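Below are the chains, spelled out letter by letter.
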Amino acid sequence: MQLLSAYLKHHDTDTELVELIEILMVACKEIALQLREGALAGIHGTTEDTNIQGETQKKLDVISNDILKEVLLGNRLVRGVASEEEDNPVFGDPEGRFLVTFDPLDGSSNIDINVSVGTIFSILEAPADVAENSVDLFLQPGRRQVAAGYVLYGPSAVLALTTGTGVNMFTLAHTGDFLLTRENVQIPHSTKEFAINMSNHRHWEPAMRNYVGDLLSGSEGPREKNYNMRWIASMVAEVHRVLTRGGIFTYPWDSRDPRKPGKLRLMYEGNPMSLLVEQAGGLSTTCYTDILDVDPQDIHQRVAVALGSKEEVETLMRYHQETP
Ligand code: AHG
Ligand code: MN
Ligand code: MN
Ligand code: MN
């Protein structure tokens, strides 16, 4: 089994990018340890604080965020970081080459019930010609990511990573090493499995209600398929299932807060997951356009997401093009 750093070096990955990914994994290993301790370490439950998303922060949201900030901002390669749990970006070495955005703990509503959660990360290059630190450094479309991935803290801890030449998966061994366990992941183009939070049905656009209605009733054309449904409420676990066996995962626009195009955040959920899914032969869209082409205006901006098996996402998009 190949070690993460050996695999990346063998495939001519930029040496400074390898170094950055390695220190990211130092942080994720520490987060995995804290999660394993859980209730024993008294770190379940919530804090008294609310983040910029309007969510009450879980203790482990804050712990994970602090671990990632400490590890990353202590490294000469990192110009700055942006996090779901930070109102504004935090800057490090002014000579740093990379910017890192992250969701330190995705799916945190699952922590206290011991269901899989994860860390999502996205790596961009800092514009070399901009000396001034500002949030604008981060506002780059998802296609400009040099790497993206997640660590899923499930029955095993698994890193899914792309540096732009496909998706590979590495499992955390008891030795503390991430070892290659899946190479060149490919998402099946068709699927019988969908993931959506059905409780929001009454808030969706008509196109989404029509798509899901036909998918359930089998009335859209010769739909001989009987679909299966999953909803884990951890995007990392949903995307891992899609990468592993196909499917469509969607958190679409809904009318609960018309100012926000969806619940998920572009810079540290939508973009990194979209790069992984596209690199694995799937599609990742706003239901109308590729997420990776969205031009960011704000570090915490929301985005509607529909990603996964190519043919199923294309069907969903067709409903959005054809429904008045
Ligand atoms: P986070 O825990 O980082 O705030 O993200 C939670 C997100 C995502 O992981 C998941 O797919 C979605 O919220 C679940 O939303 P519902 O609780 O509305 O189902
Ligand atoms: Mn959150
Ligand atoms: Mn999240
Ligand atoms: Mn989170």
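Look a little higher up for the structure.
Residues numbered from 1 in each chain as written. Chains lettered and ligands numbered in written order. Predicted model: local features only at pLDDT ≥ 70, side-chain atom pairs only at ≥ 80, totals over all residues. Heavy atoms only, no water.

### Quick word on the overall build of the chain
Of the regular secondary structure elements, the chain holds seven helices and 15 strands. Against the globule reference of 20 Å for 324 residues, the chain gives a C-alpha radius of gyration of 19 Å, in line with a compact fold. Oriented by its inertia axes, the alpha-carbon framework of the chain measures out at about 55 × 45 × 45 Å. Taken over 324 residues, the chain has a buried fraction of 55%. For the chain, the share of sequence-separated contacts (at least 6 apart) that also reach a separation of at least 24 residues comes to 65%. Averaging the locations of the 28 positively and 46 negatively charged side chains of the chain gives two centres separated by 6 Å. (Helix = DSSP H or I, 4+ residues; strand = E, 2+ residues; numbered from the N terminus. Rg over C-alpha atoms; globule rule 2.2 N^0.38 Å. Buried < 20%, exposed > 50% of the residue type's maximum accessible area, 1.4 Å probe, protein only. Contact = heavy atoms within 4.5 Å. Lys, Arg positive; Asp, Glu negative; His and termini not counted. Charge placed at Lys NZ, Arg CZ, Asp CG, Glu CD.)

### Observations concerning the packing of aromatic side chains
Within the structure shown, the criterion is met by six aromatic pairs. Here F91 and F138 contribute two aromatic rings whose centre-to-centre distance is 6.0 Å and whose plane-to-plane angle is 55°, an arrangement assigned as tilted. You can see F91 sitting in strand β4 (residues 90-91) and its partner F138 sitting in the loop between β6 (117-125) and β7 (147-153), a full 47 residues away along the chain. Each ring, one from F194 and one from Y227, has its centre 6.4 Å from the other, and the planes form 65°; the classification is edge-to-face. One end of the pair, F194, is in strand β11 (residues 193-195); the other, Y227, is in the loop between α4 (206-217) and β12 (228-229), and 33 residues separate them in sequence. The same class applies to F194 and to Y227, which are both buried. The rings of W231, F249 and Y251 are connected pair by pair, giving a single aromatic cluster. (Phe/Tyr/Trp six-rings, centres within 6.5 Å; stacked < 30°, edge-to-face > 60°.)

### So, the coordination of the manganese ion (ligand 3)
Bound to the manganese ion (ligand 3) are the protein donor atoms D103 (OD), D106 (OD) and E269 (OE), situated 1.9 to 2.1 Å from the metal. Donor residues binding the manganese ion (ligand 3) come from one chain and are separated in sequence as D-x2-D-x162-E. Here the manganese ion (ligand 2) and the manganese ion (ligand 3) are spaced 5.4 Å from one another. Here D103 is found in strand β5 (residues 98-106), whereas its partner E269 is found in helix α6 (residues 266-279), with 166 residues between them in sequence. In this structure, D103 and E269 share a single accessibility class: buried. (Donors = N, O, S within 2.8 Å, 3.2 Å for Na, K, Ca; no water.)

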